[in-house]
Amino acid sequence: MGSAPTALPLARLAGIGLVVFLANAALLVLQIVASRLLAPFIGSDLYTWTGIIGVFLTGIALGNAYGGRIADRYPHPRTLVGLLAAGALAALWMAVFPMLLEATGAHKSIPLGPRIPVLAAVLCLPAGFVLSLLTPVSIKLGLPDVSKAGSVAGLIFSLSTLGCLLGNYVTGFYLVPMFTINTLVYVSAGLLAATAGGVWVVLNRNPVADTPAAPEVPEVIADAP
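Overview of the structure. (Residues numbered from 1 in each chain as written. Predicted model: local features only at pLDDT ≥ 70, side-chain atom pairs only at ≥ 80, totals over all residues. Heavy atoms only, no water.)

## A word on the overall build of the chain
Link 1 in the chain: Counting its regular elements, the chain contains seven helices and zero strands.
Link 2 in the chain: Start at the N end of the chain and walk to the C end: the helices and strands fall as α-α-α-α-α-α-α.
Link 3 in the chain: Here the contacts in the chain between residues at least 6 apart in sequence split such that 86% fall between residues at least 24 apart.
Link 4 in the chain: In the form shown here, the chain has an accessible surface area of approximately 12,400 Å², with 69% of it arising from carbon and sulfur atoms. (Helix = DSSP H or I, 4+ residues; strand = E, 2+ residues; numbered from the N terminus. Contact = heavy atoms within 4.5 Å. Areas by Shrake-Rupley, 256 points an atom, 1.4 Å probe, with all protein chains shown as cover.)

## As for the environment of Pro117
Link 1 in the chain: Note that Pro117 resides in helix H4 (residues 112-132).
Link 2 in the chain: Judged by its relative accessible area of 42%, Pro117 is partly exposed.
Link 3 in the chain: When the C-alpha atoms of Pro117 and Thr48 are compared, they prove to be 8.1 Å apart, with 69 residues separating the residues in sequence. (Buried < 20%, exposed > 50% of the residue type's maximum accessible area, 1.4 Å probe, protein only.)

## Remarks on the nonpolar core
Link 1 in the chain: Formed by 55 residues in total, the largest nonpolar core has its most connected members in Leu84, Met94, Leu123, Cys124 and Leu192.
Link 2 in the chain: Counting only elements with at least two residues in this core, the list comes to helix H1 (10-42), helix H2 (46-73), helix H3 (77-104), H4, helix H5 (134-142), helix H6 (149-178) and helix H7 (181-205).
Link 3 in the chain: The element best represented in this core is H1, accounting for 16 residues.
Link 4 in the chain: Among all residues touching Met94, those that are not within four sequence positions of it are Leu30, Ala34, Leu37, Phe56, Leu123, Cys124, Ala127 and Val185. (Core = buried A, V, L, I, M, F, W, Y, C linked by side-chain atoms within 4.5 Å.)

## Here we look at H7
Link 1 in the chain: Spanning 25 residues, H7 covers 37 Å between terminal C-alpha atoms, matching the ideal 36 Å at 1.5 Å per step.
Link 2 in the chain: Taken together, the buried positions of H7 are occupied by Ile181, Leu184, Val185, Ser188, Ala189, Leu192, Thr195, Ala196, Val199 and Leu203.
Link 3 in the chain: The inward-facing, buried residues of H7 contact H1, H3, H4 and H6. (Expected span 1.5 Å × (residues − 1).)

## Remarks on the packing of H5 against H6
Link 1 in the chain: Where H5 meets H6, the closest approach of the two axes is 9 Å, and the angle between their N-to-C directions is 140 degrees. If you check the angle between H5 and H6, you find them oblique. H6 is crossed by H5, and the crossing has right-handed handedness. Contact residues: Thr135, Ser138, Ile139 and Gly142 in H5; Val152, Ala153, Ile156 and Phe157 in H6. (Axes fitted to C-alpha atoms, helices over the stretch in contact; angles between N-to-C directions. Parallel < 35°, antiparallel > 145°, perpendicular 65-115°, else oblique. Left-handed = near helix turned anticlockwise from the far one by under 90°.)

Here it is as structure tokens:
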């Protein structure tokens, strides 16, 4: 006899979906302002944008791949807290790195051709990688059982894309003309840190087990010969 399908945990999915939505909105904010951060050192043209987009896509691909391993090994909301905190630090790095370049002039020793991908990688890869680790972990946490894998994965990926769209349009049309670039970086880092704090508070109020309980397997005793 087959067991009845497990209902989707709507409250848990709403919370996890909000985390993914906010994280990806912050990711797009950082991607858009990256060209302004690097413009004094490599210019702001097609090559700059190509390098930045390529680095972010590389970080997203690596983050999704490695995030799956993290999800299987550490399927706990505390993992989200740690990744969000790491994402906040990666966002802050995007404000610190241009200051270091301006203070040291280290970029001047690199020819302009290779300077574009090198500086883009150092600036953008940490944020793209760390924030992309969240999606596989969120899918793992939102799964009540494997029969709902398609529904949960589709929902999480759709929310991540909607977060990207929000970050893209709001930043390009409203935030960049209204605020300085460093302000947007600091706000993104603060948003990630605040989300990490919110998950931590909810986790402490509603503690969950570190790993799902394994199903009981009936013991089979073989007949003695």
